[in-house]
Amino acid sequence: MRNCENYRFIERHRPWRDLTFKFYSDGALTIIDNAVDEVITPRELKGESYDFYVRRRIAFIKQDLNAKQSKYA
């Protein structure tokens, strides 16, 4: 079963994009630009939206490592 964590991020500076980040339990990621309802890639992120993405990805990796450590330790 593939779980998903959704995060909404609205940029504070131009171009003021409204983004939804979907982090899936299997490591997959979907980023949706809500204004145009299109999927974008992490390469298209800049500034604070890229920083948000990196921080959430690191948190996901840490959480996954801790879960695996607990399971196999």
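Since the structure is predicted, the reported quantities are computational estimates derived from the model, not experimental observations.

Quick look at the sheet that holds strand β1 (residues 4–10)
With respect to topology, 4 strands assemble into an open sheet ordered β1-β2-β3-β4, the strand pairing being antiparallel. At either end of the open sheet lies a strand with only one pairing partner, and these are β1 and β4 (38–40). In this sheet, adjacent strand axes meet at a mean angle of 30 degrees when their direction is disregarded. As judged from the 7 bridges shared by β1 and strand β2 (residues 18–24), these two strands associate in the antiparallel manner. Its bridge partner lying in β2, Phe9 is registered against Leu19. Across the face of the sheet, helix α1 (residues 47–72) comes into contact with β1, β2 and β3 (29–33) while running at roughly 15 degrees to β2.

Observations regarding the nonpolar core
Core analysis: the biggest nonpolar cluster contains 9 residues, these being Phe9, Leu19, Phe21, Phe23, Ile31, Ile40, Leu45, Phe52 and Tyr53. Elements with a minimum of two residues in this core: β2 and α1. Looking at this core element by element, the count peaks at 3 residues for β2. In contact with Ile40, other than residues within four places in its own chain, are Arg17, Leu19, Ile31, Asp33 and Leu45.

Let's talk about α1
With 26 residues, α1 ought to run about 38 Å at 1.5 Å a step, and its terminal C-alpha atoms sit 38 Å apart, in line with that. Among the residues of α1, those classed as buried are Glu48, Ser49, Phe52, Tyr53, Arg57 and Phe60. Looking at the buried positions of α1, the neighbouring elements they touch are β1, β2 and β3.

Things to note about the environment of Val54
By secondary structure assignment, the location of Val54 is in helix α1. Judged by its relative accessible area of 27%, Val54 falls in the partly exposed class. For the pair formed by Val54 and Arg17, sequence separation is 37 residues and the distance between their alpha carbons is 17 Å.

Overview of the environment of Ile61
The topology assignment puts Ile61 in helix α1. The class of Ile61 is partly exposed, set by a relative accessible area of 43%. Counting along the chain gives 34 residues from Ile61 to Gly27, while the straight-line C-alpha distance between them is 8.6 Å.

Analysis parameters
- Residues numbered from 1 in each chain as written.
- Predicted model: local features only at pLDDT ≥ 70, side-chain atom pairs only at ≥ 80, totals over all residues.
- Heavy atoms only, no water.
- Pairing = 2+ DSSP bridges.
- Helix = DSSP H or I, 4+ residues; strand = E, 2+ residues; numbered from the N terminus.
- Axes fitted to C-alpha atoms, helices over the stretch in contact; angles between N-to-C directions.
- Contact = heavy atoms within 4.5 Å.
- Core = buried A, V, L, I, M, F, W, Y, C linked by side-chain atoms within 4.5 Å.
- Buried < 20%, exposed > 50% of the residue type's maximum accessible area, 1.4 Å probe, protein only.
- Expected span 1.5 Å × (residues − 1).

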